[in-house]
Amino acid sequence: MIANYHTHTFRCHHALGTDEDYVTSAIANGIQILGFSDHGCMIGPDYLKPDMRMRPELLPDYMYSLRMLREKYADQIEMHIGFEIEYYPKVFDDLIPFYRRHGLEYLILGQHWIGKENTPGEGYRCFRPTDSEENLRIYADTVIKGMETGLFTYLCHPDVIWYTGPDEIFEKYMRKIARRAKELGVPVELNLHGIRSHRNYADPRFFRIAGEEGCQVIIGYDAHDPHEFYEHENVEKGLQIARESGIKLLDTVELVRL
Ligand SMILES: [Zn+2]
Ligand SMILES: [Zn+2]
């Protein structure tokens, strides 16, 4: 892998290591383009799950630290600074100017929640098992609307939702996502964090559909620890899923600039 656009930092409260550790580890493993995309800060009490994302006051430090590293390692690696965020329509339009003011370069869409993430009983965390078709429908609608904003460079782990109901229902909504991604030219990610954490994703059922629909697919480390760039066996597992789905992976993606 020569590019990875999905990298976290300690500021999200559930990732390890220093910013520099991620950069040197990526360089040591042959990565030529490294995008940082920590869990982006949000606005408003409904979207501030404390163990999940960066607080807004840490954004200047994030930008400063990564810009310094970009300069320091400029002759060894190309670096970009972005965020991974959910698409929450209520706050999205206010977030974008805020991110732009700080010089954020790009966004990737990772829909870990639908509804309110910080109000017990009012949201659904997508990587908890659910057999609710309604949850699946809302999830699919939300990520499609997110992609339709035209502001996301790619869709992270489209198969993050852990739907335990019938395969044909899963397929119905996942095909909608895959088809729309293809129409919009938004690449979808085959996510290594799901593989390393033995989660429900990367789901071969989704990638078979993505292959049939002709989606552009890119692998993302979704690194939460600098050592994860050394996990070549997980890359191999991801490549295997892609091969079995008839997918030709992208090496790089074009950033949608904020
Ligand atoms: Zn995370
Ligand atoms: Zn992530």
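The rules behind these values
- Residues numbered from 1 in each chain as written.
- Chains lettered and ligands numbered in written order.
- Predicted model: local features only at pLDDT ≥ 70, side-chain atom pairs only at ≥ 80, totals over all residues.
- Heavy atoms only, no water.
- Donors = N, O, S within 2.8 Å, 3.2 Å for Na, K, Ca; no water.
- Buried < 20%, exposed > 50% of the residue type's maximum accessible area, 1.4 Å probe, protein only.
- Axes fitted to C-alpha atoms, helices over the stretch in contact; angles between N-to-C directions.
- Helix = DSSP H or I, 4+ residues; strand = E, 2+ residues; numbered from the N terminus.
- Parallel < 35°, antiparallel > 145°, perpendicular 65-115°, else oblique.
- Left-handed = near helix turned anticlockwise from the far one by under 90°.
- Contact = heavy atoms within 4.5 Å.
- Salt bridge = Lys/Arg side-chain N within 4 Å of Asp/Glu carboxyl O.
- Tetrahedral: all angles 85-135°; square planar, octahedral: opposite > 155°, others 65-115°.
- Expected span 1.5 Å × (residues − 1).
- Bend = angle between axes of the 7 residues up to and from the residue.
- Core = buried A, V, L, I, M, F, W, Y, C linked by side-chain atoms within 4.5 Å.
- 1 Å grid on protein atoms, 1.4 Å probe; cavity = no way out; pocket = protein on both sides within 12 Å on 5 of 7 lines; lining within 4 Å.
- Points joined across faces, edges and corners; volume = space filled by probe spheres on them.
- Nonpolar A, V, L, I, M, F, W, Y, C, P; charged D, E, K, R; others polar.

**Some words on the coordination of the zinc ion (ligand 1)**
Six octahedral donors at a metal ideally form angles of 90 or 180 degrees, and four tetrahedral donors ideally form angles of 109.5 degrees.
No. 1: Bound to the zinc ion (ligand 1) are the protein donor atoms H14 (NE2), H39 (NE2) and H224 (NE2), situated 2.0 to 2.2 Å from the metal.
No. 2: Read in sequence order, the donor residues coordinating the zinc ion (ligand 1) give the pattern H-x24-H-x184-H.
No. 3: Judged by relative accessible area, which is 4%, H39 ranks as buried.
No. 4: Assessed through its relative accessible area of 7%, H224 is described here as buried.

**Brief notes about the packing of helix α5 (residues 167-184) against helix α7 (residues 204-213)**
No. 1: Here α5 crosses α7 at 45°, and the two axes come no closer than 9 Å. By the angle class used here, α5 and α7 are oblique. Regarding α5 and α7, the two cross each other, and that crossing is right-handed. Where α5 abuts α7, its residues D167, F170, E171, M174, R175, A178, R179 and K182 lie against R205, F206, R208, I209, A210, E212 and E213.

**Let's talk about the pattern of salt bridges**
No. 1: Scanning the entire structure with this criterion turns up 23 salt bridges.
No. 2: Where salt bridges share partners, they join E171, R175, R179, R208, E212 and E213 into one cluster.

**Regarding the coordination of the zinc ion (ligand 2)**
No. 1: The protein atoms that coordinate the zinc ion (ligand 2) are H6 (NE2), H8 (NE2), E84 (OE) and D222 (OD), at distances spanning 2.0 to 2.3 Å.
No. 2: Here the zinc ion (ligand 2) binds four donor atoms, and the angle range of 81 to 170° at the metal identifies the geometry as irregular.
No. 3: On the primary sequence, the residues serving as donors to the zinc ion (ligand 2) are separated as H-x1-H-x75-E-x137-D.
No. 4: A separation of 4.6 Å is found between the zinc ion (ligand 2) and the zinc ion (ligand 1). The pair H6 / H8 is uniform in exposure class, with both members buried.

**Section: helix α3 (residues 89-102)**
No. 1: With 14 residues, α3 extends 21 Å between its outermost C-alpha atoms, agreeing within 8% with the 20 Å of an ideal straight helix rising 1.5 Å per residue.
No. 2: Taking the largest bend as the criterion, α3 deviates by roughly 35°, centred on L95, and proline P97 comes between one and four positions later.
No. 3: When α3 is considered as a whole, its buried residues turn out to be V91, F92, L95, I96, F98 and Y99.
No. 4: Looking at the buried residues of α3, the elements they touch are α2 (59-72), β3 (78-85), β4 (106-109) and β7 (152-155).
No. 5: Phi turns positive one or two residues past the end of α3, at G103, with a value near 85°.

**Notes on the nonpolar core**
No. 1: Among the nonpolar cores identified, the biggest contains 81 residues, and Y62, F83, Y99 and L104 are the most heavily contacted of them.
No. 2: Of the residues forming this core, the biggest block, seven residues, is contributed by α5.
No. 3: Excluding residues that lie within four positions of it along the chain, Y99 makes contacts with G40, C41, L59, F83, I85, L104, L107 and L258.
No. 4: A3, I33, Y106 and L255 belong to the second-largest nonpolar core, a separate cluster that totals ten residues.

**With respect to α5**
No. 1: Under the 1.5 Å per step criterion, the end-to-end length of α5 is 25 Å for 18 residues, consistent within 8% with the ideal 26 Å.
No. 2: Every buried residue of α5 is listed here: I169, F170, Y173, M174, R175, I177, A178 and A181.
No. 3: The positive-phi residue at the C-terminal boundary of α5 is G185, with phi of around 70°.

**Focus on the layout of surface pockets**
No. 1: Computed from the structure, the largest pocket encloses a volume of approximately 220 Å³.
No. 2: Lining the largest pocket are 15 residues; nearest its centre among them are Y87, Y88, P89, I114 and G115.
No. 3: Elements represented by at least two residues in the lining of the largest pocket include exactly α3, β5 (113-115) and α4 (133-148).
No. 4: If you tally residues by element for the lining of the largest pocket, the top one is α4, at four residues.
No. 5: In the lining of the largest pocket, the residues fall into seven nonpolar, three polar and five charged.
No. 6: The wall of the second largest pocket is formed by 13 residues, among which H14, R125, F127, R199 and H224 lie closest to the centre.
No. 7: The class makeup of the residues in the lining of the second largest pocket is three nonpolar, six polar and four charged.

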